[in-house]
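Summary of the model geometry
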Amino acid sequence: MRIITDHRAVPAGARGASAAMGNFDGVHRGHQSVIDLARGAAPLAVVTFEPHPRTVFAPDAPAFRLMSPEARAHRLEKLGVETLFQLPFREIAPLSAEVFMADVLARDLGLARVVVGADFRFGKGRAGHADTLREGGARLGFDVVLTDLLGGDAPVSSTAIRQALSDGRPGDAAEMLGHWHRIEGPVLHGEKRGRGLGYPTANLSVAGLHLPRLGVYAVLVDVLDGPRAGRHHGVASLGVRPMFGTNAPNLETFLFDFDGDLYGHHISVALVAFLRPEARFDGLPALIAQMDADSAEARAALNGL
């Protein structure tokens, strides 16, 4: 999948696409239905925005994103998207609905079809809506397809998925997502305490992401690059490590039956089952005993996956 971030420099081979348009945070089942409607004779594309508009309009709000841009791109590629137009939102936001349709969608991207959810809004002040886009497409030469929200009276939404994750219900989140909720990124150097306890962990940053309920999870881990690429079972702790003082939240993952160095490699950690909340223990022996119990419980939860 090619990723194009400059809408004024679109190669000829990327023009004429049928594109689903939206923020696609989480790439949940509702988003997937929009993408499916865009499939057809024309090359399949997605038009999205970076940074997420909410981070621009409410910069001081708590972190809310379900996915980093890289994780979103990985998921879209798995769905067969051929081109990702990742538009610079700060540059796009001041454009009127008319200018956005004429200059960006029609002239710069050269789209043949645009598919959006019925509640999609665009243009300065969110003045553009479904009828605006339909009328503009007829005039400017691209088809417009609208789709209702998936789920009827209880539509699938990123908000509902965030709530499920906050409650420690990753299975319910997965039902709405159509896939496990994942945290992806490069493995970072930590303080290496886990190694001394017999549980070496791969550490990921969760900065900028919505935090699921803090605690211990059974996880599936995909090593995305390097000689040890592949899928593994594991157990992960998402939290601030109360045994060792106050720290910024991160995700520490122990891969079962794995021997190797993952520093700098990219991994994707799927939260499968919430096992318990974070806790403080009376000394390291009690902590290690609990980690042994957590590992056994996680192995059981992942059996057959």
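These lines cover the structure that appears in this document, whether it is placed above or below. Since the model is a prediction, treat every value here as computed from it, not as a measurement.

Looking at the overall build of the protein
Across its full length, the protein carries 10 helices and 12 strands. The C-alpha atoms of the protein give 21 Å as radius of gyration, which agrees with the globular expectation for 305 residues (19 Å, within 12%). By principal-axis analysis of the C-alpha atoms, the protein measures approximately 70 × 40 × 35 Å. When the 305 residues of the protein are sorted by exposure, 48% land in the buried category. When contacts within the protein are restricted to residue pairs at least 6 apart in sequence, long-range pairs at least 24 apart make up 74% of them. In the structure as shown, the protein presents an accessible area of about 13,900 Å², 53% of it carried by carbon and sulfur atoms. Charged side chains of the protein number 31 positive and 34 negative; the gap between the two group centres comes to 2 Å.

Comments concerning the pattern of salt bridges
Pairing between side chains of opposite charge can happen when the charged atoms of each approach one another. One pass over the full model with this rule turns up 17 salt bridges. The salt bridge involving D103 is made with R107; its shortest N-O contact spans 3.9 Å. Taken together, the positions of D103 and R107, both in helix α5 (residues 97–108) and four residues apart, correspond to about one turn of that helix. Judged by its relative accessible area of 28%, D103 is partly exposed. Here R107 falls in the partly exposed class, since its relative accessible area comes to 49%. Across the salt bridge formed by D172 and R169, the nearest N and O atoms sit 2.7 Å from each other. The class of D172 is partly exposed, set by a relative accessible area of 38%. A network of salt bridges, in which partner residues are shared, links D6, R8 and E91.

Some thoughts on the side chain of R182
Following the sequence through the fold, R182 ends up in strand β7 (residues 181–186). A polar side-chain atom of R182 sits 3.1 Å from a polar atom in the side chain of D222. Sequence-distant contacts of R182, that is, excluding residues within four places in its chain, are made with L66, R75, L220, D222, R231, S268, V269 and A270.

Details of the sheet that holds strand β5 (residues 113–117)
Pairing is parallel in the open sheet, where six strands are placed in the order β1-β4-β3-β2-β5-β6. Unpaired on one side and paired on the other, β1 (2–4) and β6 (143–147) mark the two borders of the sheet. Put simply, the sheet's adjacent strands are angled 25° from each other on average, direction ignored. Where strand β2 (residues 18–21) lies against strand β3 (residues 44–50), four bridges are found, and the strand directions are parallel. Within the sheet, the bridge partner assigned to M21 lies in β3 and is V47. Running at roughly 160° to β5, helix α1 (residues 29–38) makes contact with β2, β3, β5 and β6 of the sheet.

Re the pairing of β3
By the criterion of burial, β3 is predominantly enclosed, with seven of the seven residues buried. With respect to chirality, the unit in which β2 leads through α1 into the neighbouring parallel β3 is right-handed. Bridging between β3 and strand β4 (residues 83–88) involves six bridges; their strand directions are parallel. Along β4, the bridge assignment pairs A45 with T83.

Quick word on the packing of α5 against helix α6 (residues 130–140)
Between α5 and α6, whose axes approach to 10 Å, the crossing angle comes to 45°. Comparing their axes, α6 and α5 come out oblique. Handedness of the α5/α6 crossing: right-handed. The residues of α6 that touch α5, namely those facing A97, E98, M101, A102, L105 and A106, are T132, L133, G136, R139 and L140. In terms of residue class, the contact of α5 with α6 is built from seven nonpolar, two polar and two charged.

Description of the packing of aromatic side chains
With the rule as written, the count across this model stands at eight aromatic pairs. Between the aromatic rings of F49 and F100, the centroid separation amounts to 6.4 Å while the plane-to-plane angle is 45°, which identifies the pairing as tilted. Residue F49 is located in strand β3, and its partner F100 is located in helix α5; the two are separated by 51 residues in the primary sequence. Both rings, one in F254 and one in F256, keep their centres 5.9 Å apart while their planes meet at 75°; by these two values the pair is edge-to-face. Like F254, the residue F256 is buried in the burial classification. Lying across the ring of F64, R54 places its NZ or CZ 4.2 Å from the centre. Directly above the ring of F258 sits R228, whose terminal nitrogen or CZ lies 5.7 Å from the centroid.

Cut-offs applied
- Residues numbered from 1 in each chain as written.
- Predicted model: local features only at pLDDT ≥ 70, side-chain atom pairs only at ≥ 80, totals over all residues.
- Heavy atoms only, no water.
- Helix = DSSP H or I, 4+ residues; strand = E, 2+ residues; numbered from the N terminus.
- Rg over C-alpha atoms; globule rule 2.2 N^0.38 Å.
- Buried < 20%, exposed > 50% of the residue type's maximum accessible area, 1.4 Å probe, protein only.
- Contact = heavy atoms within 4.5 Å.
- Areas by Shrake-Rupley, 256 points an atom, 1.4 Å probe, with all protein chains shown as cover.
- Lys, Arg positive; Asp, Glu negative; His and termini not counted.
- Charge placed at Lys NZ, Arg CZ, Asp CG, Glu CD.
- Salt bridge = Lys/Arg side-chain N within 4 Å of Asp/Glu carboxyl O.
- Polar contact = N/O pair within 3.5 Å; in protein donor to acceptor, adjacent residues only side chain to side chain.
- Pairing = 2+ DSSP bridges.
- Axes fitted to C-alpha atoms, helices over the stretch in contact; angles between N-to-C directions.
- Right-handed = clockwise from strand over helix to strand, strands pointing away.
- Parallel < 35°, antiparallel > 145°, perpendicular 65-115°, else oblique.
- Left-handed = near helix turned anticlockwise from the far one by under 90°.
- Nonpolar A, V, L, I, M, F, W, Y, C, P; charged D, E, K, R; others polar.
- Phe/Tyr/Trp six-rings, centres within 6.5 Å; stacked < 30°, edge-to-face > 60°.
- Lys NZ or Arg CZ within 6 Å of the ring centre and 35° of its normal.

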